[in-house]
Every structure is written in structure tokens, then in C-alpha cells.
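Report on the structure
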Amino acid sequence: MQPQKRRPTKEELAAANGRTLPDIIAPNLKVLFCGINPGLYTAVVGHNFARPGNRFWPTLHAAGFTPRLYLPEEERGLLDLGFGITNIVDRPLPAPLSSRPQN
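1. What about the confidence of the model for the chain?
Overall, the predicted model of the chain reaches an average pLDDT of 86, with 85% of residues at or above 70. When the elements of the chain are averaged for pLDDT, helix 4 (residues 95–98) gives the smallest value, 51, and helix 3 (residues 56–62) the largest, 98.

Next comes the structure, spelled out in C-alpha cells:
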């Protein structure tokens, strides 16, 4: 059983606004998974699809892309499997702003 992770504080979430998240990419990938933009929780912890309850990692495993369930902090291990992660927008945006054309 995994230890319970500490949740980011309101201050940490506020400070993450505008923080960028690097792409997890390499040459000759089989698949490049593309998100819309990272959430504030993801920006705080610095790993893609990291918010508890996010279905990305369980779905990736259930669909047969990974041999086991990966944790968000293991995201760079996807490169060894020929997969990468990027986002259309590399920083978190407040929900109402994320759908505006300039973003």
C-alpha cells in the first residue's frame, strides 16, 4: 500500500499559476500523448496527470500501453516504452481562461 501523499496547500496552488511543465519527449516515439494544459495540482508536484483520481495512468495501463500501473513521478519511464507526453498549453490556466482562443 502506498503512503498517503501530502496535498498541496492553497498557497502552493496559487503559486503554481503560470508555472510551466516540461514535455516528456524523445526522438522516434511510437505515441505522443497530448493533454490540453496541466492543472494547478500537476504544476505544484511537477508531474503530468498527477492529481489524485486522474484516470490517465490507470487507463494507460488498462489499455495495454504499460506493463504495470505507473505513478505520475515515473512519467520519464514512458520514454523507455516509446511514449511521450506533451500539452497544448504548457502552463495551468484557470478553467474559464483555458477555453479562450488566445490560450
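There is more to say, and it comes next.
2. With respect to the environment of Ala14
In this structure, Ala14 sits in helix 1 (residues 10–15). Each C-alpha atom of the pair Ala14 and Leu40 lies 7.8 Å from the other, and the pair is 26 residues apart in sequence.

3. As for the nonpolar core
Counting residues in hydrophobic clusters, the biggest one holds 10 residues: Ile24, Phe33, Phe49, Phe56, Trp57, Leu60, Tyr70, Leu78, Phe83 and Ile85. For this core, the secondary structure elements donating two or more residues are helix 3 and strand 2 (83–87). It is helix 3 that contributes the most residues to this core, 3 residues altogether. Those residues within four positions of Leu78 in sequence are excluded, and the remaining contacts are Trp57, Leu60, Thr66, Tyr70, Phe83 and Ile85.

4. Overview of the pattern of salt bridges
Inspection of the entire model under this criterion finds 1 salt bridge. In this structure, Glu74 and Arg68 form a salt bridge, with 2.8 Å as the shortest nitrogen-oxygen distance. Owing to a relative accessible area of 25%, Glu74 belongs among the partly exposed residues under this scheme.

5. Digging into the side chain of Asn48
Along the chain, Asn48 falls in the loop between helix 2 (40–45) and helix 3. For Asn48, the side chain forms a polar contact with the side chain of Asn87, separated by 3.3 Å. Excluding residues within four positions of it along the chain, Asn48 makes contact with Leu21, Pro22, Ile24, Thr42, Trp57, Pro72, Glu75, Ile85 and Asn87.

Quick notes on the rules
- Residues numbered from 1 in each chain as written.
- Predicted model: local features only at pLDDT ≥ 70, side-chain atom pairs only at ≥ 80, totals over all residues.
- Heavy atoms only, no water.
- pLDDT = per-residue confidence, 0-100.
- Helix = DSSP H or I, 4+ residues; strand = E, 2+ residues; numbered from the N terminus.
- Core = buried A, V, L, I, M, F, W, Y, C linked by side-chain atoms within 4.5 Å.
- Buried < 20%, exposed > 50% of the residue type's maximum accessible area, 1.4 Å probe, protein only.
- Contact = heavy atoms within 4.5 Å.
- Salt bridge = Lys/Arg side-chain N within 4 Å of Asp/Glu carboxyl O.
- Polar contact = N/O pair within 3.5 Å; in protein donor to acceptor, adjacent residues only side chain to side chain.

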